[in-house]
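# Secondary and tertiary structure notes
Spelled out, the chains give:
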Amino acid sequence: RRYCSIALFQRVHARTGEQFDRTWLCYSKTSGRVYCFVCKLMSSTVSNLTSGLNNWKHAHEILMNHENSKQHLDAIAALCARKSSSQIDSDLVKQYEGEVQYWQELLRRLVSVVKFLCVRGLAFRGKNELIGSSNNGNYLGILELLSHASYLSSTICEELIELMGQKVLCVIIDEIKTAKYFSISVDSTPDIMHVDQLTVVIRYVKFIPIYSHTGSEIARIILHFLEENGINIQNCRGQSYDNASNMSSKYKGVQAIIRERCSVAYYIPCTAHSLNLIGKCAAECCPNAVEFFNLLQNLYSWFVSSTHRWQNMSALEELQSDENQPRDSRLVAEGFLKKLQQLEVAILVEVWDTVLERFQKTSLTLQRSKLPVNSAVHLLESLLEFVRSQRSEFEYYEDKGIAKSVVKVYKETSKREKTRKRQFDEGCSKETIFSPRERFRCEVYLPIMDALSLAVQHRLHSYMHIQNKFGFLSNICELNCFPSEMIHFSEFYKTVSGQEKKKSRNSSTEIEMLLNENMCSHIFPNVHIALRIYLCMAPSNCCGERSFSKLKRIKNEARNSMGQERLNFLSLMSIENDVVDSLSFTDLIHDFALRKARK
């Protein structure tokens, strides 16, 4: 059965093949016919297109003859002349256009104010919305500074925030779809109103309220979020969460449920969080280590509880002998001083100062958002070698402890030697008795180093499956896995590196940039795809942790009644401020002005 097709409303140029819309053609549902509205209005001649055309079999021929006919061309010329000449409502049209222009100018500055506040995470409203009031908030205050006397209600402000947030969201989702491959990272934290906010990080951050921490519920929220935004889960190539059981479990964790939907979405435990767990494991490996950190915690809490003590943190001896201090404070200071003067504490201070310094610098590097997975694995491997090398350095730390400590001997030296009662069935051989130095070395120092070494080795094992699959990309120019393509790429790499006369680009990120700069990704498709998959994998979920700081600033005690949608748009524009700065919002201003102008 023949019918009116969409192709009738477009004309194809015979030579170039370009398509042009037939804007003069319209369809009537009532009569089931198409009309030329220009000829209907401006021509007195009756034709198929003025009385209505429903001959769909020969419609293309009739339309082509009509649009080239003199009658049609004269009608178009008459309509254009009528538009250019004075009209009955010309004054109303000018008034309407002037109002649209007014709104565009006003909204252009208004959008700049909204961008300024969103990017910096500042509050919009104050105690009132009165022009001239000192408590009308940042939004109206800045508008007053810009000499905008016109009152702009909070409703218009909310509409602008929503429209701008939606545009930023659409731009970023288009980037994700264009890149195709992506990895996800989630984490949660309670906000000021004790609502658990789940942050989902792909290229941008969105907060989603959750009411259950089970792996199935969090996985359901993630999958619904991706489906809602039109992001295909089959393109996911990586997952990065913390080491909590609801996230990392092999059977019911989030990563297991996601991998059921996409088997190539490899799970990478957060390297920075794993490093924290390594330190925690070593700090709890023996009673002396636990006692040492309890001493530091109690000492810090005691100083924090008093402003006077906080200003004299290095003067325990003065606090102990200060008669103006309460007796309880002097006794506590004396107790802390005796413990800190022990040789064992001085040695542990030197040991942990060295170890934690290396851990801190490694942790800061692991938290970089653009760090490749292979680099994270190499950092952990080097940290493991460092810890193993420190196992034989007890004498070095002992000498530094003796030089720093007031007491130069071990605490057990002044104690009476304990003898264990022998049982009747024991032999007559003498019991091995350690000296205080050997006892501290065997029962404190070596267990700490062994615990650190085993914990690093255990955590490192979790990343080896990724290293085994993608480790070859760190030396991609010497591979022969795609024989013909890799030979070609290797020669291309050498040629370009020689022409640039720079240090060779060895990292995966630099090789990817090399392909993009020279527009050669289509020549080496396998190399390009392998690099894109590898580089989209996140070795840590620190981006989610960083979003929590924005959450605390945006939804604080003074703004605790903020709705979820407004929170998402404000946090999105604050976190992704580089995207906000790159957008002009001109089309948004134009559409908004047309809606607000009174016709």
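Going by what an unreviewed UniProt entry lists, the chain is known as HAT C-terminal dimerisation domain-containing protein and is assigned to Ciona savignyi.

## Observations concerning the overall build of the chain
Helix and strand counts for the chain come out as 27 helices and nine strands. Taking all 599 residues of the chain together, the buried fraction comes to 41%. Once local pairs closer than 6 in sequence are excluded, the contacts in the chain between residues at least 24 apart make up 65%. Entry remark: accessible area of the chain is about 34,400 Å², with carbon and sulfur atoms responsible for 52%.

## Looking at the nonpolar core
In this structure, Phe-124, Tyr-139, Val-168, Ile-222 and Tyr-241 are the most contacted members of the largest nonpolar core, which totals 69 residues. Counting residues per element, this core draws most heavily on helix H5 (residues 90-120), at eleven residues. Cys-286, Leu-343, Val-387 and Phe-394 belong to the second largest nonpolar core, which has 57 residues in total.

## Comments concerning the packing of helix H12 (residues 287-304) against helix H15 (residues 327-340)
It is the contact of H12 with H15, at a shortest axis distance of 11 Å, that shows an interaxial angle of 145°. Helix-helix and strand crossings are classified by hand; for H12 and H15 the assignment is left-handed. Across the interface between the two elements, Leu-295, Asn-298, Leu-299 and Trp-302 of H12 pack against Ser-329, Val-332, Ala-333, Phe-336, Lys-339 and Leu-340 of H15.

## Quick notes on the pairing of strand E4 (residues 33-36)
Within a regular beta strand, the side chains point alternately toward one face of the sheet and then the other, so they alternate between its two faces. Examined bridge by bridge, strand E3 (residues 25-28) and E4 share four bridges and lie antiparallel to one another. Counterpart to Leu-25 in the pairing with E4 is Cys-36. Joining the antiparallel neighbours E3 and E4 is a turn of four residues, in which Gly-32 adopts a positive phi near 70°.

## Points about the environment of Ile-76
Position of Ile-76 relative to the elements: it lies in helix H4 (residues 70-84). Of the residues examined, Ile-76 reaches a relative accessible area of 31% and is grouped as partly exposed. Measuring from C-alpha to C-alpha, the distance between Ile-76 and Met-42 comes to 7.8 Å, with 34 residues separating the pair along the chain.

## Examining the packing of aromatic side chains
This model, assessed by the stated rule, comprises eleven aromatic pairs. With a centroid separation of 6.1 Å and 40° between ring planes, the pair formed by Phe-124 and Tyr-139 is classed as tilted. In this pair, Phe-124 sits in the loop between H5 and helix H6 (137-145) while Tyr-139 sits in helix H6, placing the two residues 15 residues apart along the sequence. On the accessibility criterion, Phe-124 (3% relative accessible area) is buried. Residue class for Tyr-139 comes out buried when judged on its relative accessible area of 4%. Three or more aromatic residues link up through ring pairs in this structure, and these residues are Phe-394, Tyr-396, Tyr-397, Tyr-410, Phe-440 and Tyr-445.

## A closer look at the environment of Ser-249
Topologically, Ser-249 is positioned in the loop between helix H9 (245-248) and helix H10 (254-261). Remark: the alpha-carbon pair of Ser-249 and Gly-215, spanning 34 residues in sequence, is separated by 8.5 Å. Residue contacts for Ser-249: discarding those within four places in its chain leaves Gln-255 and Ala-256.

## Considerations on the pattern of salt bridges
Evaluation of the coordinates by the stated rule reveals 18 salt bridges. Where Asp-191 meets Lys-555, a salt bridge forms, and the shortest distance between an N and an O atom there is 3.0 Å. Highlighted residues: Asp-191 in the loop between strand E5 (182-190) and strand E6 (196-201) and Lys-555 in the loop between helix H24 (542-554) and helix H25 (564-575), separated in sequence by 364 residues. In this structure, Asp-191 and Lys-555 share a single accessibility class: buried. For Glu-438, the salt bridge goes to Arg-441, with nearest N and O atoms at 3.7 Å.

## Thoughts on the packing of H24 against H25
Packed helices, taken two at a time, are described by their axes: the angle between them and the distance between them. Where H24 contacts H25, the two axes come as close as 10 Å, and the packing angle between them is 125°. One way to sum up the angle between H24 and H25 is to call them oblique. Between H24 and H25 lies a crossing of right-handed hand. Between H24, through Ser-547, Lys-550, Leu-551 and Ile-554, and H25, the contact on the second element is made entirely by Leu-567, Leu-570, Ser-571, Ser-574 and Ile-575. Partitioning the contact of H24 with H25 into residue classes produces five nonpolar, three polar and one charged.

The rules behind the values
- Residues numbered from 1 in each chain as written.
- Predicted model: local features only at pLDDT ≥ 70, side-chain atom pairs only at ≥ 80, totals over all residues.
- Heavy atoms only, no water.
- Helix = DSSP H or I, 4+ residues; strand = E, 2+ residues; numbered from the N terminus.
- Buried < 20%, exposed > 50% of the residue type's maximum accessible area, 1.4 Å probe, protein only.
- Contact = heavy atoms within 4.5 Å.
- Areas by Shrake-Rupley, 256 points an atom, 1.4 Å probe, with all protein chains shown as cover.
- Core = buried A, V, L, I, M, F, W, Y, C linked by side-chain atoms within 4.5 Å.
- Axes fitted to C-alpha atoms, helices over the stretch in contact; angles between N-to-C directions.
- Left-handed = near helix turned anticlockwise from the far one by under 90°.
- Pairing = 2+ DSSP bridges.
- Phe/Tyr/Trp six-rings, centres within 6.5 Å; stacked < 30°, edge-to-face > 60°.
- Salt bridge = Lys/Arg side-chain N within 4 Å of Asp/Glu carboxyl O.
- Parallel < 35°, antiparallel > 145°, perpendicular 65-115°, else oblique.
- Nonpolar A, V, L, I, M, F, W, Y, C, P; charged D, E, K, R; others polar.

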